[in-house]
Amino acid sequence: MTQTYPIDLEPVDIEPYREGNTGIPFMTTFDSGGDGPHVMVMVVTHGNELCGPIAVDWLFKQGVHPRRGKLTLGFSNWRAYQSFDPDDPFASRFVDEDINRIWDVSTLDGDRNTAEMERAREIRPLLDQVDLLLDIHSMTTLCEPLMICGPHEKGRQFARAVAIPEYVVCDEGHIAGKRMRDYGGFGDPGSPKNALLVECGQHWEKRSAQVAHDVMVRFLGHCGVVDADFVRQNLGDSATPKQKIIEVTGPYTVTADQPFTWKDFYVGFEVIEKAGTVLGLDGDKEVVTPYDNCVLIMPNRLKGKGHSAVRFGRYVD
Ligand SMILES: [Zn+2]
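This one's a predicted model, so the numbers in the text were calculated from it and none came from an experiment.

S.K.: What is the right way to look at the packing of aromatic side chains in this model?
M.R.: Two aromatic rings, taken as a pair, are described by how far apart their centres are and by the angle between their planes. Evaluation of the coordinates by the stated rule reveals 14 aromatic pairs. Relative to Trp-204, the ring of Phe-90 lies with its centre 5.1 Å away and its plane at 70 degrees, an arrangement referred to as edge-to-face. Here Trp-204 lies in the loop between strand 7 (194-202) and helix 6 (206-223) and Phe-90 lies in the loop between helix 2 (78-82) and helix 3 (105-108), a separation of 114 residues in the sequence. Residue Phe-90 is classed as partly exposed on the basis of its relative accessible area, which comes to 23%. Relative accessible area serves as the criterion here: at 0%, Trp-204 is assigned to the buried category.

Following this line, the structure appears as structure tokens:
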């Protein structure tokens, strides 16, 4: 079943940030000159996700400067973002391939050449210096915002410290390839580096811009890189509910050549009571819930062979 959504957000102009100051286009690092973590806010990992650049554009315009450590603001797949067309809004997710599935070291060191591989290799030396990362995203379907904190306890603690959004998803990522959130030390339980990926809502939903803003401000506050007064003044009015933690047991990866067909319209976080409930068709194969009280996470349309149509999980908290 397909569904389209109105474009209620206006893309911001990121051209003023092209030059930056790092030698890498669309990457700007502010240096306090003092000790402290190197903190990064990354946006437009996917080119049709408008909330992140709105939040970071706002932050630039506040004249933000770190009081300790370093703060880098980056626009990942800027080429894809600059091709955004409201008349064909799904088309600008990437240029050649998903830049958030190529962060395996073997892939980065390999010989594949696409617009995204080139960009990832360009960003990599800077990313290697980052201690704490927030990667801001949005979703294809209308769904409650969620934080993706990876499979390790350190990610879970980071998500709790930021305190919003309500839903926290602990997962290993995708079979299709490694996300930036899981790259290097971020994905190593023994490393002090840490990363969060926030999904702020549907791509063009007004609320997603507010969620991106509020999560970013709380993230910066927790990392201690910006003034506490700045954080207090810009917290927004988002409540900090008791967070719901969901452990992902695995994705359902599409095997047929055609996109997965859903039996019903799911938006995410539905709990399907009975194991064996039919969710949809992968080619002519029925796909069912693997266990009782299975939570559906980010059910996706338009997902073809080798990609995650949905992830299955359980509430643990
Ligand atoms: Zn995304």
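S.K.: Would you explain the nonpolar core in this entry?
M.R.: Within soluble globular proteins, side chains that are nonpolar generally end up buried alongside one another. Residues Val-41, Leu-73, Phe-75, Ile-136, Met-216, Phe-219 and Leu-220 are the most contacted members of the largest nonpolar core, which totals 53 residues. Of all the elements, helix 6 adds the most residues to this core, at nine residues. Setting aside residues up to four positions removed in sequence, Leu-220 forms contacts with Val-39, Val-41, Leu-59, Leu-71, Val-225 and Val-226. Core analysis: the next-biggest nonpolar cluster, separate from the first, contains 19 residues, Ala-120, Leu-126, Tyr-183 and Ala-195 among them.

S.K.: Where do I start with unusual backbone geometry in this structure?
M.R.: Glycine aside, residues mostly have negative phi angles, and peptide bonds mostly take the trans form. Cis geometry marks the peptide bond from Ile-164 to Pro-165, where omega comes out at -5 degrees. Within the fold, Pro-165 resides in the loop between helix 5 (153-162) and strand 6 (167-170). Located in the positive-phi region is Ala-163, a residue other than glycine, with phi close to 80 degrees. Along the polypeptide, Ala-163 turns up in the loop between helix 5 and strand 6. Here Ala-163 falls in the buried class, since its relative accessible area comes to 17%. Its identity as a non-glycine residue notwithstanding, Met-298 has a phi of 45 degrees, on the positive side.

Rules behind the numbers
Residues numbered from 1 in each chain as written. Predicted model: local features only at pLDDT ≥ 70, side-chain atom pairs only at ≥ 80, totals over all residues. Heavy atoms only, no water. Phe/Tyr/Trp six-rings, centres within 6.5 Å; stacked < 30°, edge-to-face > 60°. Helix = DSSP H or I, 4+ residues; strand = E, 2+ residues; numbered from the N terminus. Buried < 20%, exposed > 50% of the residue type's maximum accessible area, 1.4 Å probe, protein only. Core = buried A, V, L, I, M, F, W, Y, C linked by side-chain atoms within 4.5 Å. Contact = heavy atoms within 4.5 Å.

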